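# A look at the structure
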Amino acid sequence: MNTKDITRLMINTAVDRGLKEMTDDPKRALRKLVDMGSEFSTGRFQPEIFSIITNILENEDSPYYKLIRDFLFNTDFNCVKTFGINIGYESWTYNARILRQKAEDLKFSIPWVLGFSYDSSAATKNAMTVDRISSVINDARNLGINTFAIKEESDFSPDTAIYDIFLKNEYSAFFYILKDAQITAHQASLLKKAANVILLINADASYAKETCDMLYDSGVFYAIYKYYTDTDISNLSDPDFYAPLLDFKSSMIFMTSSNSCYKDGGPVIKDFRFHTNVPAIIWDYYYDAMLVNEILCDTKCMLHFDKNGNVYCPEKTKFNILNDGNDILHILSETMPKL
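Residues numbered from 1 in each chain as written. Predicted model: local features only at pLDDT ≥ 70, side-chain atom pairs only at ≥ 80, totals over all residues. Heavy atoms only, no water.

## A closer look at the pattern of salt bridges
Applicable threshold: A pair is scored as a salt bridge if a Lys or Arg side-chain nitrogen falls within 4 Å of a carboxyl oxygen belonging to Asp or Glu. Think of it this way: any DSSP run of H or I at least four residues long counts as a helix, any run of E at least two long counts as a strand, and we number them from the N terminus. Burial classes follow relative accessibility: with a 1.4 Å probe on protein chains only, a residue under 20% of its type's maximum area counts as buried, one over 50% as exposed, and anything between as partly exposed.
In the structure shown here, the tally under the stated rule is 6 salt bridges. Among the ionic pairs, Arg-8 bridges to Glu-90, the shortest N-O distance being 2.9 Å. Of this pair, Arg-8 sits in helix α1 (residues 3-21) while Glu-90 sits in helix α5 (residues 77-106), placing them 82 residues apart in sequence. Comparing Arg-8 with Glu-90 shows no difference in burial state: the two are buried. Linking Lys-226 and Asp-204 is a salt bridge whose minimum nitrogen-to-oxygen distance equals 3.0 Å.

What follows is the structure in structure tokens.
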């Protein structure tokens, strides 16, 4: 057993013990989990985040106590543990070192998260497929990229083939984003089996509330997301703006700018989540992803492919992952900031 496996086993055991203690003394157990996390915080990102969490939990009336308690009591422990270790240790610690070394060797930045849009109902030869996404993920993992966001663009029930990617990459972390909120109980059980996925439901989609109720009752690790526009930014620091979203029983709310949005609400959301009584952790999807990248690798960058394989972010370049010669390494070299 190598050093990495031993460290993961130690973290796994400590988290198991901490989660079980939650039923006896939630506040004490939360503090112990934070202290334990700090002990294993050898990467750049964790000391900062654990310092923030410690300051928040010093307030005995913090809404995050109830939030975390309810989240842990109503979400499958194995999903919480596996996703947490995969993103906290595998992505932000172990693979972050690989990212930085590869970036230094190659002289360009490498993002910590890689995104794909995918339409399971598309049948054209130019569409992204599960096999193609899987192939790109394999190549990306060799560069130290260990977290992936996959957005299902279809309005129909997701293709179950996508779950093979989650199961095959057991030490990776996945954000699985649905355009519409239709997912079956069987597919929810597949997510729990994989345990390395957080499912994101569009709060404005049809059946979103019913779907979230089902996910909440079944213990699936899920969150909601909502688009904002330029006119919404002034309201992003108002607790009343988020009140309707609490009906989804989600511990996290991911705000994301719409295609027509030219302003950045990220700084407003970042400040608000540490000075709020809203019982949910609020993120700006793009802003916070790039903020993490800056902490891990000193640069802000992101790479996302649309459903036809075109580079969508950074903004719609000419490169397509499906074209000959345009493998992930080549596209990164052409689109990412140079070092």
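## Focus on empty space enclosed by the protein
For clarity, the cut-off: Definitions used for this entry: grid spacing 1 Å over protein atoms alone; cavity, a set of points where a 1.4 Å probe fits but cannot get out; pocket, an open set with protein on both sides within 12 Å along at least 5 of 7 lines; lining residue, one with an atom within 4 Å of a point. Grid points are joined across faces, edges and corners, and a volume is the space filled by probe spheres set on the points. Side-chain classes follow a simple rule in which Ala, Val, Leu, Ile, Met, Phe, Trp, Tyr, Cys and Pro form the nonpolar group, Asp, Glu, Lys and Arg form the charged group, and the remainder, Gly included, forms the polar group.
Taken as a whole and assessed by the stated rule, the structure comprises 1 cavity of 30 Å³ or more. Lining the largest cavity are Val-113, Leu-114, Gly-115, Ala-149, Tyr-285, Tyr-286, Met-302, Leu-303 and His-304. Taken together, the elements giving at least two residues each to the lining of the largest cavity come down to β1 (113-118), α12 (285-297) and β8 (303-305). For the lining of the largest cavity, the element with the most residues is β1, which contributes 3 residues. Residues of the lining of the largest cavity, tallied by class, amount to 7 nonpolar, 2 polar and no charged.

## Concerning the packing of aromatic side chains
How we decide: Geometry of aromatic contacts follows a simple scheme: Phe, Tyr and Trp rings, the Trp one being its six-membered ring, pair when their centres are within 6.5 Å, and the pair is stacked under 30 degrees between planes, edge-to-face over 60, tilted otherwise.
This model, assessed by the stated rule, comprises 16 aromatic pairs. Seen in terms of ring centroids, Phe-71 and Phe-221 are 5.4 Å apart; in terms of plane orientation they differ by 55 degrees. Their pairing is tilted. One end of the pair, Phe-71, is in helix α4 (residues 63-74); the other, Phe-221, is in the loop between α9 (208-218) and β5 (222-228), with 150 residues separating them in the sequence. Judged by relative accessible area, which is 17%, Phe-71 ranks as buried.

## A short note on the nonpolar core
Filter applied, for reference: Throughout, nonpolar core names a set of buried Ala, Val, Leu, Ile, Met, Phe, Trp, Tyr and Cys residues whose side chains join them through atoms within 4.5 Å. Contacts between residues were defined by any pair of non-hydrogen atoms, one from each residue, lying within 4.5 Å.
In terms of nonpolar packing, the biggest core is built from 100 residues, with Leu-114, Phe-116, Phe-166, Tyr-176 and Tyr-242 touching the most fellow members. In terms of residue count, the dominant contributor to this core is α5 (10 residues). Leaving out residues up to four positions away in the same chain, Phe-166 has contacts with Ile-150, Phe-174, Tyr-176, Leu-191, Ala-194, Asn-196 and Val-197.

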